[in-house]
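Below are the chains, spelled out letter by letter.
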Amino acid sequence: MNATFTPVPFETGSARRPKRGAMYGANYVSQYKEDLQLMFDRGVEDIRKRMSAATMLRALQEKYPNEFALPNESHIKQAISRMKAQRQRQNTGTSSRYWPKPEHIEFFNEIAPQNMDIELAFQEFRKTFNLQSDEAPNMMQFTYQLSKTNKTNQSKRYRPGSY
């Protein structure tokens, strides 16, 4: 057996991954964004009209029977998640990921050493920043942030014998 191996010449960079968002082929959501938004909004208005990604895909297939370039379920799920997040940001005015704000942290640093009752501290927090109940963090988020601030302040204190 005298077989010789001849390597196939590949161009430089042929094994590089595609850029972010271009990995899994074409994404057809943008062509049907208005239809998906309309179905999503109907579900927001009336909970009985809410649709899953599979149901939205079937509705698109019924509306466009001769179209083969429809988005798949996973792309529709991503679009639904984006619409939910956008709706939540519109309702709250901000994203929950940006809580606490720097001025809130200053408040926690001032109030943590006082060992104030948590409910009183929570009321003081809402009064200080003039927050309505839908804008303010819930009690659990507030308590967590306060305990986190207490732990940080305790670790910064000087302890004899520690360097």
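Please refer to the structure placed before this passage.
To start, this report covers the structure provided alongside it. Per chain, residues are indexed from 1 in the order of the written sequence. With the structure being a predicted model, the display of local features is reserved for residues of pLDDT at least 70 and the display and counting of side-chain atom pairs for 80 or more, all residues being used for whole-chain, interface and lining totals. By convention in this description, side-chain values take in all heavy atoms of the structure and omit both hydrogens and water.

1. Here we look at the nonpolar core
Within the largest apolar cluster, 14 residues are counted, with the highest numbers of intra-cluster contacts made by Leu 36, Met 56, Leu 60, Ile 76, Ile 80 and Met 83. Where helices and strands are cited, they refer to DSSP runs of H or I of at least four residues and of E of at least two residues respectively, numbered from the N terminus. Of all elements in the fold, only α1 (33-45), α2 (53-63) and α3 (73-92) reach the threshold of two or more residues within this core. A contact between two residues is defined here by any heavy atoms of the two lying within 4.5 Å. Apart from the residues lying within four places of it in its own chain, the contact partners of Ile 76 are Val 29, Leu 36, Ala 53, Met 56, Leu 57, Leu 60 and Pro 71. For this analysis, a nonpolar core means a set of buried residues of the types Ala, Val, Leu, Ile, Met, Phe, Trp, Tyr and Cys, connected via side-chain atoms within 4.5 Å. Three labels apply to residues, based on accessible area from a 1.4 Å probe with only protein chains included: buried if under 20% of the type maximum, exposed if over 50%, partly exposed otherwise in between. Membership of the second largest hydrophobic core comes to ten residues, among which are Ala 112, Phe 125, Leu 131 and Leu 146.

2. Considerations on the packing of helix α4 (residues 102-111) against helix α5 (residues 118-128)
Two elements in contact, α4 and α5, have axes separated by 11 Å at closest approach and are oriented at 140°. Two packed elements cross with a definite hand, and for α4 against α5 that hand is right-handed. Between α4, through His 104, Phe 107, Phe 108 and Ile 111, and α5, the contact on the second element is made entirely by Ala 121, Glu 124, Phe 125 and Thr 128. The convention used is that axes are lines fitted to C-alpha atoms, helices contributing only their stretch in contact, and that angles between N-to-C directions extend from 0 to 180 degrees. Throughout, a crossing is termed right-handed when the near helix is turned clockwise from the far one, and left-handed when it is turned anticlockwise from it by less than a right angle.

3. Describing the side chain of Asp 35
The residue Asp 35 is located in helix α1 in this model. Excluding its chain neighbours within four sequence positions, the residues that come into contact with Asp 35 are Leu 60, Lys 63 and Tyr 64.

4. Considerations on the environment of Glu 124
Of note, Glu 124 is situated in helix α5. Put simply, Glu 124 and Ile 111 are 13 residues apart on the chain and 9.7 Å apart in space, counted from C-alpha to C-alpha.

5. A word on the packing of α1 against α2
The N-to-C vectors of α1 and α2 enclose an angle of 130°; their axes lie 11 Å apart at closest approach. Comparing the axis directions of α1 and α2 gives the class oblique. Viewed along their axes, α1 and α2 form a crossing whose handedness is right-handed. Contacts from Asp 35, Leu 36, Met 39 and Phe 40 in α1 reach Met 56, Ala 59, Leu 60 and Lys 63 in α2. Three classes are used: nonpolar for Ala, Val, Leu, Ile, Met, Phe, Trp, Tyr, Cys and Pro, charged for Asp, Glu, Lys and Arg, and polar for all others, with Gly counted as polar. A breakdown of the residues in the contact of α1 with α2 according to their chemical character gives six nonpolar, no polar and two charged. An angle counts as roughly parallel when it lies under 35 degrees, as roughly antiparallel when it exceeds 145, as roughly perpendicular when it falls between 65 and 115, and as oblique in every other case.

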